[in-house]
Amino acid sequence: MSKTILEMDNVTIRFGGLTAVDSVDMKIEEGTIRALIGPNGAGKSTIFNLITGIYPPSSGEIRFRGTLINGYKPHLITELGIARTFQNIRLFSEMTVLDNVKIGRHCRTKAGFLGALLRGPGVKAEERAITEESMEALKILELDHKADELAKNLPYGEQRRLEIARAMASNPKLILLDEPAAGMNPQEKQTLMSMIRKIQDKGLTIFLVEHDMKFVMNLSDRIMVLDYGRKIAAGSPAEIKSNPAVIAAYLGKEVG
Amino acid sequence: MDSIFSMFLNDYYIQVLTMLGIYLIAALGLNLITGVTGQLSFGHAAFLSIGAYTSAIISLKLQLPFVVALLAAGLMTAIWGILLGYPTLRLTGDYLGIATLGFGEIVRVVFLNMKITGGALGLAGIPRSTSLTMVIILVFITILAMFRLENSRFGRSLIAIREDEIAAEAMGINITKTKITAFALGTFFAGVGGGLYAHLIQYLNPQDFGFVKSFDFLAFIVLGGLGSIPGAILGTTVLTLAPEFLRFVADYRMMIYGLLMVFMMIVRPRGLLGGVKLSRLFAKKKVQTTGTSASGGAN
C-alpha cells in the first residue's frame, strides 16, 4: 500500500452560524488522483482553502506527510509542498507568462533585496536556474511558446493551464486544482486531461474539484462527495455513480 | 563642486535642477511602494521630513560629515518605515492610505512641538552641503538600484503582491515581510532625499512637509505611470518644472497645472508612460535589431 500524503481528521469550519465544512475525514494516497465533487455551495473550495491555510479550521486536524499544518500560513504550506490553482483564475495579469511561473519558484529560491542590488555571481546563477526551471514547467503545460506574452492576453483555456504551470513550478508534492476544466470546450478538456496524467506520471498527487462528471469519472482514482459541508460518499468512480445518496444530492429524491 | 554647471547655468536653474533631482530620488522611492508593490502611501512627505531633520540635527549638533548624515537620514527613515509598516501593511488600498495620512500628520505635529527641531520657528543654519553634481550621481544610483530591484526575484514578488495578494501568498511569498521590506527601501530613499533637501534649503519647517507635499509625490508617479521607472522620472520632471516654466502666466499657473492633470487623466489614465518598463524598452530594442538583421539577410 502506498503512503498517505494528506490526511484530514474530523475537520470543521464555522463562519458565524454557518458550518461550511462539517467533520470531514479524508486520506489521500501518494501518487493518486482524487476528485472532490458536490453541488454548488457544498464546501469544496472551502476545503481547498483549509488545506492551503487561507482559513484555519475551527476544529480537527490536517496533516501533510505527517506534519500537522493547522494554522500554518499559506506561504509556509506552499513551501512544504502543496500548490494550488483557483476557481476564478488568479494570475498576475500584468506580468509575462514566464514571470508568472517564476513566482512559483519563489519559495525554492532565496535571493533577497540585497542580492537584487548587488547581483553577485550566486544571484545570477540562481536567476538562470529559475528561468530554466520555469521554462520546464511551461513545457509540461505546452505554453513555452507564449513565455513573453502578458498573462492577461492569453485565451481562457491557456490561462487555466498557466495557473497549473505556476503551481507546478513550486515543486509541489500535492497539487490542488480548483475546477481546472471550467469553461473549457471538449477539445481543451481532452488536452487538459492528458496534461494532468503527465503531472501524475511525474509522481505528484492530484486533488481536484470539478463539476464536469465525464472529466472526473475518467480521471480520478477515488472520489469524495460533499453536500452541505458533509461527506456523503467516497469511493471509486463506479461506486460513486451508483451511490443512491449521491444521486439524491445531485438530482433530488424521488417523490412518494 | 558645481563650477562646471555654473559656467552655463545661472544659480536659479542650478537650484531648480538640484531640487528636481531630490524629488526624483524621493519619487522613485514612492514608486517602489505604491507603483511596484501597490501599497498606497499618503505619508511620503513625512518620511522626507524625518530624513531632513535627522540629517540636519546630525550636521548641526554632532558636526559629522555630510555622507554620514545622509546615510543616517536614510536609515532612520527606513526604521520609521518599518515601524509604521508593521501594523499598517495588513491593511489594503484606501485603508492603508488613510493610515499613512494619519501618520504623516502625527510626524508633522511632533516636529512642530519638539525642542530639538526648533518647533514652529523651524530649524535654521543648516550647512549648504548639497550640490547638483552629487544629486545627479545619487539620482543615477537610485535609478540603477530601482532597476535592479524591480528585475529580480525580490522585485517579481513585489509585483505579484500588487497584482494579486492571495495568489502571491499561495505561491509561497511571505506577504507581510515582503511588503515591509519594500516600504523600508522606499522610505530609505525618501530619507536620503530629505537629507539632501535639508542641506540645500538650509532651513526646515514642519509645515513644508504636510499632506499637500505627500500628495505632490503621488501626483508625480501617477502622472508618469504607476510602477514605471521612466514614468516616475518623466512625471516628476514635468510636474516639478511646469510651475517654474509657467511663471510667466503668474496668477493662472496653478490653474493651468490643474487643467493639465485633468486633461492627462482623460487622455492617458494609466499615466504618461503607464506600463512602460525599462527592461522591456531594452528587450524591444533587441528584438527590433534582430528583426531588421533577419529581414536584411532575406534580401
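All of these numbers come straight from a predicted model, not from anything done at the bench.

Q: Lay out unusual backbone geometry in plain terms, naming residues and giving numbers.
A: Working note: non-glycine residues mostly have negative phi, and peptide bonds are mostly trans. All names here are of chain A. One non-glycine residue, glutamate 179, adopts positive backbone phi at about 50 degrees. For glutamate 179, the location among the structural elements is in the loop between strand 7 (174–178) and helix 7 (186–201). A positive phi angle, near 50 degrees, is found at tyrosine 228, a position not held by glycine. Take tyrosine 228: it is sitting in the loop between strand 9 (222–227) and strand 10 (230–235).

Q: Would you mind going over a nonpolar patch on the surface in detail, with residue names and values included?
A: Residue and element names in this part refer to chain B. Residues Met76, Ile79, Trp80 and Leu83 make up a contiguous nonpolar surface patch of about 380 Å² in total accessible area. Along the chain, tryptophan 80 turns up in helix 4 (residues 66–88). Residue tryptophan 80 is classed as partly exposed on the basis of its relative accessible area of 39%.

Q: So what's going on with the sheet that holds strand 10 of chain A? Residues and values would help.
A: All names here are of chain A. Strands sit in the order 6-7-8-3-9-10 across an open sheet of six strands; the sheet is mixed. Looking at strand neighbours, the two that pair on one side only are strand 6 (82–84) and strand 10, the edges of this open sheet. Neighbour to neighbour, the strand axes of the sheet diverge by 20 degrees on average, direction disregarded. Across three bridges, the pairing between strand 6 and strand 7 is parallel. In the sheet register, arginine 84 faces strand 7, and the bridge partner there is leucine 176.

Q: Which residues make up the pattern of salt bridges, and what values do they have?
A: Counted according to the given criterion, the structure contains 15 salt bridges over all chains. Between arginine 63 of chain A and glutamate 61 of chain A there is a salt bridge whose closest N-O contact spans 3.0 Å. With a relative accessible area of 29%, glutamate 61 of chain A lands in the partly exposed category. Close ionic contact of glutamate 127 of chain A with lysine 102 of chain A constitutes a salt bridge, the shortest N to O distance being 3.8 Å. One end of the pair, glutamate 127 of chain A, is in helix 5 (residues 121–140); the other, lysine 102 of chain A, is in helix 3 (residues 97–104), and 25 residues separate them in sequence. Classification of lysine 102 of chain A by relative accessible area gives buried; the value is 11%. Through salt bridges that share partners, Lys102 and Glu127 of chain A together with Arg156 of chain B make up one connected network.

Q: Describe the environment of arginine 128 of chain B, with residues and values.
A: All names here are of chain B. Looking at the secondary structure, you find arginine 128 in the loop between strand 1 (123–124) and helix 6 (132–150). Here arginine 128 falls in the partly exposed class, since its relative accessible area comes to 45%. Note: C-alpha distance between arginine 128 and alanine 198 (70 residues apart in sequence) is 8.2 Å. What arginine 128 contacts, discounting residues up to four positions off in sequence, is Gln15, His199, Leu200 and Gln202. Polar contacts involving the side chain of arginine 128 include one to the side chain of glutamine 15, which spans 3.3 Å.

Q: Can you lay out empty space enclosed by the protein for me, pointing to particular residues and giving the numbers?
A: All names here are of chain B. Within the structure shown, the criterion is met by four cavities of 30 Å³ or more. Of the voids in this model, the largest cavity is the one considered here, and its volume is about 50 Å³. In this structure, the largest cavity is lined by Phe42, Ala46, Leu101, Gly104, Glu105, Arg108, Phe209, Gly210, Phe211 and Ser214. Considering every element that reaches the lining of the largest cavity, the biggest residue donor is helix 5 (residues 93–113), with four residues. A class-by-class count of the residues in the lining of the largest cavity yields five nonpolar, three polar and two charged.

Q: Quick one: what's the story with the packing of aromatic side chains, residue by residue and with numbers?
A: Aromatic ring pairs are defined here through the distance separating the ring centres and the angle between the ring planes. This structure, assessed with the given rule, holds 14 aromatic pairs over all chains. Ring plane angle 50 degrees and centroid distance 6.1 Å describe the contact between phenylalanine 211 of chain B and phenylalanine 215 of chain B, whose orientation is recorded as tilted. Of this pair, phenylalanine 211 of chain B and phenylalanine 215 of chain B both sit in helix 10 (residues 211–224), four residues apart, roughly one helical turn. Classification of phenylalanine 211 of chain B as partly exposed rests on a relative accessible area of 37%. Counting every residue linked through ring pairs, the aromatic cluster contains Tyr23, Phe217 and Phe220 of chain B. It is arginine 166 of chain A that lies over the ring of phenylalanine 92 of chain A; its NZ or CZ is 4.7 Å from the centre.

Q: So what about the sheet that holds strand 1 (residues 4–15) of chain A? Which residues, and what values?
A: All names here are of chain A. The strand order 2-1-4-5 describes an open sheet built from four strands, whose pairing is antiparallel. Where the open sheet ends on each side, the last strands, each with one partner, are strand 2 (18–29) and strand 5 (67–68). Of the strand pairs in this sheet, strand 1 and strand 4 (residues 59–64) are connected by five bridges, and their pairing is antiparallel. The residue of strand 4 that forms the bridge with aspartate 9 is glutamate 61. Running at roughly 115 degrees to strand 1, helix 1 (residues 44–51) makes contact with strand 1, strand 2 and strand 4 of the sheet.

Q: Describe the side chain of lysine 179 of chain B, with residues and values.
A: Residue and element names in this part refer to chain B. Following the sequence through the fold, lysine 179 ends up in helix 9 (residues 175–201). Classification of lysine 179 by relative accessible area gives buried; the value is 2%. Those residues in contact with lysine 179, other than ones at most four positions away along the chain, are Gln39, Leu89, Leu91, Ile161 and Glu165.

Q: Describe in detail the UniProt feature "transmembrane region" (unreviewed entry) in chain B, supporting the description with residues and values.
A: All names here are of chain B. As recorded in UniProt, the feature "transmembrane region" (unreviewed entry) lies at residues 12–33, 40–60, 66–86, 93–111, 131–149, 180–198, 218–242 and 254–273. Helix makes up 100% of residues 66–86 and strand 0%. Its end C-alpha atoms lie 30 Å apart. Its end C-alpha atoms 26 Å apart, residues 180–198 is made of 100% helix and 0% strand.

Q: Describe the domain arrangement of chain A, with residues and values.
A: All names here are of chain A. With domains assigned, chain A is organised as domain 1 (1–81 + 172–256) and domain 2 (94–169). Listed as interface residues are 19 residues of domain 1 and, on the opposing side, 12 residues of domain 2. Both sides of the domain 1 and domain 2 interface together cover about 1300 Å² of buried area, and 70% of this is carbon and sulfur. Considering only the side of domain 1, the residues that lose the most area to domain 2 are Glu79, Met195 and Ile199, jointly responsible for 31% of the buried surface there. For the pair domain 1 and domain 2, the number of links is one salt bridge. Lysine 198 is paired through a salt bridge with glutamate 142; the nearest N and O atoms lie 3.8 Å apart. At the surface where domain 1 touches domain 2, the tally comes to five residue pairs in polar contact (both at pLDDT 80 or more). Mapped by element, the contributors of at least two residues to the side of domain 1 that touches domain 2 are helix 2 (74–80), strand 7 and helix 7. Each residue belonging to the side of domain 1 that touches domain 2 can be placed in one class, and the counts come to 10 nonpolar, three polar and six charged.

What counts and how
- Residues numbered from 1 in each chain as written.
- Chains lettered and ligands numbered in written order.
- Predicted model: local features only at pLDDT ≥ 70, side-chain atom pairs only at ≥ 80, totals over all residues.
- Heavy atoms only, no water.
- Helix = DSSP H or I, 4+ residues; strand = E, 2+ residues; numbered from the N terminus.
- Patch = residues over 30% accessible without salt bridge, like charges linked within 9 Å, V, L, I, M, F, W, Y side chains within 5 Å.
- Areas by Shrake-Rupley, 256 points an atom, 1.4 Å probe, with all protein chains shown as cover.
- Salt bridge = Lys/Arg side-chain N within 4 Å of Asp/Glu carboxyl O.
- Buried < 20%, exposed > 50% of the residue type's maximum accessible area, 1.4 Å probe, protein only.
- Pairing = 2+ DSSP bridges.
- Axes fitted to C-alpha atoms, helices over the stretch in contact; angles between N-to-C directions.
- Contact = heavy atoms within 4.5 Å.
- Polar contact = N/O pair within 3.5 Å; in protein donor to acceptor, adjacent residues only side chain to side chain.
- 1 Å grid on protein atoms, 1.4 Å probe; cavity = no way out; pocket = protein on both sides within 12 Å on 5 of 7 lines; lining within 4 Å.
- Points joined across faces, edges and corners; volume = space filled by probe spheres on them.
- Nonpolar A, V, L, I, M, F, W, Y, C, P; charged D, E, K, R; others polar.
- Phe/Tyr/Trp six-rings, centres within 6.5 Å; stacked < 30°, edge-to-face > 60°.
- Lys NZ or Arg CZ within 6 Å of the ring centre and 35° of its normal.
- UniProt positions renumbered as here; feature names shortened; annotations may be inferred.
- Domains from an automatic or database assignment.
- Buried area = accessible area lost by both parts, 1.4 Å probe.

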